[in-house]
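# Coordinate inspection notes
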Amino acid sequence: MRMRLNKHISDTGYCSRREADGLIAEGRVTVNGLRARVGAEVGEGDEVLVDGQPLKARTVAKNKRQHVYIALNKPVGVTCTTESTVKGNIVDFVGHERRIFPIGRLDKDSEGLILLTSNGDIVNEILRAENKLEKEYLVAVNHAVTDEFLRGMARGVPVHGETTLPCKTGRLNRFGFRIVLVQGLNRQIRLMAAHFGFRVKQLMRVRIGNVKLGHLKPGQWRNLTDAELRGLLPKRDNW
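As a starting point, this report considers the structure included with it. (Residues numbered from 1 in each chain as written. Predicted model: local features only at pLDDT ≥ 70, side-chain atom pairs only at ≥ 80, totals over all residues. Heavy atoms only, no water.)

Once that is clear, we can look at unusual backbone geometry. Excluding glycine, residues mostly carry a negative phi; peptide bonds, for their part, are mostly trans. Positive phi values are uncommon outside glycine, yet asparagine 32 reaches one of about 55 degrees. For asparagine 32, a relative accessible area of 44% translates into the label partly exposed. With a phi close to 55 degrees, aspartate 51 is a non-glycine residue in the positive phi region. Mapping aspartate 51 onto the fold places it in the loop between strand S5 (48-50) and strand S6 (53-54). Classification of aspartate 51 as partly exposed rests on a relative accessible area of 41%. (Buried < 20%, exposed > 50% of the residue type's maximum accessible area, 1.4 Å probe, protein only. Helix = DSSP H or I, 4+ residues; strand = E, 2+ residues; numbered from the N terminus.)

One pass over the structure, following the stated rule, counts 3 aromatic pairs. Between phenylalanine 149 and phenylalanine 196, the ring centres sit 5.7 Å apart and the planes meet at 90 degrees, which makes this aromatic pair edge-to-face. Remark: phenylalanine 196 occurs in the loop between helix H6 (188-195) and strand S15 (200-208) and phenylalanine 149 occurs in helix H5 (residues 147-155); sequence separation between them is 47 residues. For phenylalanine 196, a relative accessible area of 31% gives the class partly exposed. Ring centres 4.0 Å apart and planes at 20 degrees place the aromatic pair phenylalanine 149 and phenylalanine 198 in the stacked group. Of this pair, phenylalanine 149 sits in helix H5 while phenylalanine 198 sits in the loop between H6 and S15, and the two are 49 residues apart along the sequence. Taking relative accessible area as the criterion, phenylalanine 198 reaches 10% and is therefore assigned buried. Among the aromatic residues, those joined into a cluster by ring pairs are Phe149, Phe177, Phe196 and Phe198. (Phe/Tyr/Trp six-rings, centres within 6.5 Å; stacked < 30°, edge-to-face > 60°.)

Next up on the list: the pairing of strand S13 (residues 168-173). Pairing geometry for S13 and strand S14 (residues 176-181), over 5 bridges, is antiparallel. Looking at the pairing, asparagine 173 lines up with glycine 176 of S14. Taking the residues between adjacent antiparallel strands as the criterion, S13 and S14 are bridged by 2 residues. (Pairing = 2+ DSSP bridges.)

An α-helix turns once per 3.6 residues; consequently, residues spaced three or four apart project the same way. Looking at H5, one finds that the buried residues are Phe149, Leu150, Gly152, Met153 and Ala154. Of the residues trailing H5, glycine 156 is marked for its positive phi of about 130 degrees.

Laid out in structure tokens, this is it:
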């Protein structure tokens, strides 16, 4: 199986894909003795050298995490996809040295907390509905929030041919409310609000389970703590 040269370099932990492209452009990378070009692909058995030296495979110390788990405050405009052809994709935005991908999604027009990892094994475990992980959002709308609106949102709303599960809601201010879901239907909150004639003007996710957005500024990310990982998947001990 062939892969992009910059990905091959970043997978070893040598540098990020963006930095790898810089090394390739500077002529510091060779493949089978020939100077590589940006966008090149490599396959199994190809010899890749950086500054004339072979790349070392990533090693994991005992009791250390094998994978990366991060919390990002995603700004509006970043798309939660791993497709490198999509401008503003979340992988390029983070620019991590490891190959990471988002756990779930957050609309391009929405902002706030999203988790990313290099561990594909845990994605479905976290997303599985029976885990009942709460996801908390702060929402601003174009009409004054009423008790009737909050009760209707909490009871359940027809979306994508099904009725959303009951959820928790609360008023923040005249045009703002808080909502806590255990579902992740596509554009769920926007469609729920639209059912009552409300348009979402701003939507920010501030919590996933026991992981909180906290003081992360837009565009900033941090590694999850051991306690946060245990809270997300209490039965797992291999990270």
